[in-house]
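# Chains, contacts and geometry: an overview
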Amino acid sequence: MKTTIVLVVLLAILSGGIYLAVNQVNSSEVLVRERCTAVVGNDTYELGLEQAANASTIVSVAVARGLPARAASIALATAVQESGLRNLDYGDQAGPDSRGLFQQRPSQGWGTDAEVQDPIFAAGAFYDELVKVPGYESLPITEAAQAVQRSALPDAYADHEAEGRAFASALTGNSPASLNCILRGTDQSGDSAAVRASAEQAFGSLDATLPDAETLILNAAGAQGWAAAQWAVANAKALHIESVSFGGLQWNRSGHGWNAAETVTGQIVVELAAADAATQAS
């Protein structure tokens, strides 16, 4: 009788251990802390996914306009200070009608309420004013940003200079493969046509082909290619992107950063979650 009881207890313990192990594997996705990082030298800077996607939009507008990376650095540092890189639908006490990434005020001629909450419009409006500042490329960030924003706290922009420079360098393509986003698996299928539309909205006209519903190929080289590739990584969560390949490297949402891979020169290959895989994940 005692032997039977002992066996039952051991089986229960063993079964419980197996259950816990399986449950731990199944819950590992939930435990992943989603985030994006940019590395410059020995320094690493981190943004949440919403912040990284907004940063990529701000930088893509600079790239589309042919502006230097310094312009993107100034814009990012400004947006971090003004809104935390979040597209806010409210303002602060200094500007109750301030809105959007740059807390631009419709009452001061920045645009309509809806326009200043459109990240592409807001970024464009910021750059419109920035390029009017004489020698902005060589000015300290506090001076360049303040010339545009006229903030009550102009020195605060300098607090975000290093972070802005790191993400600007990555997202302009000047620092290849320096942007990495850590994501959970997706439970929705992607749409290559939707990704192309988003990319063209960000960068303007692109040389793109759609081999199938889950693959997008962008033809670009050099820094422009890396700008588009790292834009795709920054937006992988919202666009259900599984992998991005370019320049002999591949980023995969289930991997660890960029790893060596066979790629075609001058082609960015964006692979999206397939419908059957998304169904299985759900």
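A quick note: this is a predicted structure, and the numbers were derived from the prediction, not measured. (Residues numbered from 1 in each chain as written. Predicted model: local features only at pLDDT ≥ 70, side-chain atom pairs only at ≥ 80, totals over all residues. Heavy atoms only, no water.)

Tallying each qualifying case throughout the model produces one cavity of 30 Å³ or more. Within this model, the largest cavity holds a volume of roughly 30 Å³. What lines the largest cavity is F203, L206, A220, Q224 and A228. The residue makeup of the lining of the largest cavity, split by class, is four nonpolar, one polar and no charged. (1 Å grid on protein atoms, 1.4 Å probe; cavity = no way out; pocket = protein on both sides within 12 Å on 5 of 7 lines; lining within 4 Å. Points joined across faces, edges and corners; volume = space filled by probe spheres on them. Nonpolar A, V, L, I, M, F, W, Y, C, P; charged D, E, K, R; others polar.)

Let's shift gears to unusual backbone geometry. One non-glycine residue with positive phi stands out, namely R150, at about 55°. You can see R150 is positioned in the loop between α6 (141-149) and α7 (161-171). A positive phi angle, near 60°, is found at H240, a position not held by glycine. Structurally, the position occupied by H240 is in the loop between α10 (236-239) and β6 (241-246). Judged by relative accessible area, which is 16%, H240 ranks as buried. (Helix = DSSP H or I, 4+ residues; strand = E, 2+ residues; numbered from the N terminus. Buried < 20%, exposed > 50% of the residue type's maximum accessible area, 1.4 Å probe, protein only.)

Once that is clear, we can look at the environment of R33. Relative to the assigned elements, R33 resides in the loop between α1 (2-31) and β1 (35-40). Apart from the residues within four sequence positions on either side, R33 is in contact with E46 and I182. A polar contact of 2.7 Å, which involves the side chain of R33, links it to the side chain of E46. (Contact = heavy atoms within 4.5 Å. Polar contact = N/O pair within 3.5 Å; in protein donor to acceptor, adjacent residues only side chain to side chain.)

So, about the state of the cysteines. By the definition in use, this model includes one disulfide. What pairs with C36 in a disulfide is C181, and their sulfur atoms sit 2.0 Å apart. Between C36 and C181, the disulfide has an S-S torsion of 105° and is therefore right-handed. Of the two residues, C36 sits in strand β1 while C181 sits in strand β3 (residues 179-182), which places them 145 residues apart along the sequence. Taken individually, C36 and C181 each receive the classification buried, so the pair is uniform in this respect. (Disulfide = S-S within 2.5 Å.)

Our focus in this paragraph is the sheet that holds strand β9 (residues 267-272). One open sheet accounts for six strands, arranged β4-β5-β9-β6-β7-β8; its pairing is antiparallel. Both outer strands of the open sheet, β4 (208-212) and β8 (258-260), are each paired with one neighbouring strand and no more. Ignoring strand direction, the axes of neighbouring strands in this sheet form an average angle of 20°. Sheet strands touched by helix α8 (residues 192-203): β4, β5 (215-219), β6 and β9. Its angle to β4, the strand with the most contacts, is close to 170°. (Pairing = 2+ DSSP bridges. Axes fitted to C-alpha atoms, helices over the stretch in contact; angles between N-to-C directions.)

With that settled, consider helix α2 (residues 49-64). For the α-helix, the turn length of 3.6 residues means that residues three or four positions removed from each other point alike. Here α2 is 16 residues long and its end C-alpha atoms lie 22 Å apart, about the 22 Å a rise of 1.5 Å per residue gives. Phi turns positive, to about 75°, at G66, one or two residues after α2. (Expected span 1.5 Å × (residues − 1).)

The next point concerns the pairing of β1. Where β1 and β3 come together, four bridges link them in antiparallel fashion. Paired with T37 across the two strands is N180, which belongs to β3. Here β1 runs beside strand β2 (residues 43-47); their pairing, made up of five bridges, is antiparallel. Bridging from a neighbouring strand, V40 pairs with D43 of β2.

Core analysis: the largest hydrophobic core is formed by 70 residues, its most contacted members being I58, Y127 and I241. For I241, the contacting residues outside a window of four places in its chain are V195, A232, N235, A236, W251, R253, V270, E271 and L272. (Core = buried A, V, L, I, M, F, W, Y, C linked by side-chain atoms within 4.5 Å.)

All right, on to the sheet that holds β3 then. Across the sheet, which stays open at both edges, the three strands sit in the order β2-β1-β3 with antiparallel pairing between neighbours. Of all the strands in the sheet, the pair left with one neighbour each is β2 and β3. Pairwise comparison of adjacent strand axes, ignoring direction, gives a mean angle of 25° for this sheet. Packed onto the sheet, α2 meets β1 and β2 and runs at close to 105° relative to β2.

Moving on to the pattern of salt bridges. Evaluation of the coordinates by the stated rule reveals 12 salt bridges. For E161, the salt bridge identified is with R70, shortest N-O distance 3.7 Å. Taken together, the residues E161 in helix α7 and R70 in helix α3 (residues 69-83) connect sequence positions 91 residues apart. Across the pair K132 and E129 runs a salt bridge whose closest N-O atoms are separated by 3.2 Å. Overall, K132 belongs to the exposed group, its relative accessible area being 57%. Each member of the salt-bridge network shares a partner with another, and the members are R33, R35 and E46. (Salt bridge = Lys/Arg side-chain N within 4 Å of Asp/Glu carboxyl O.)

Nothing here speaks to function; it is all geometry.
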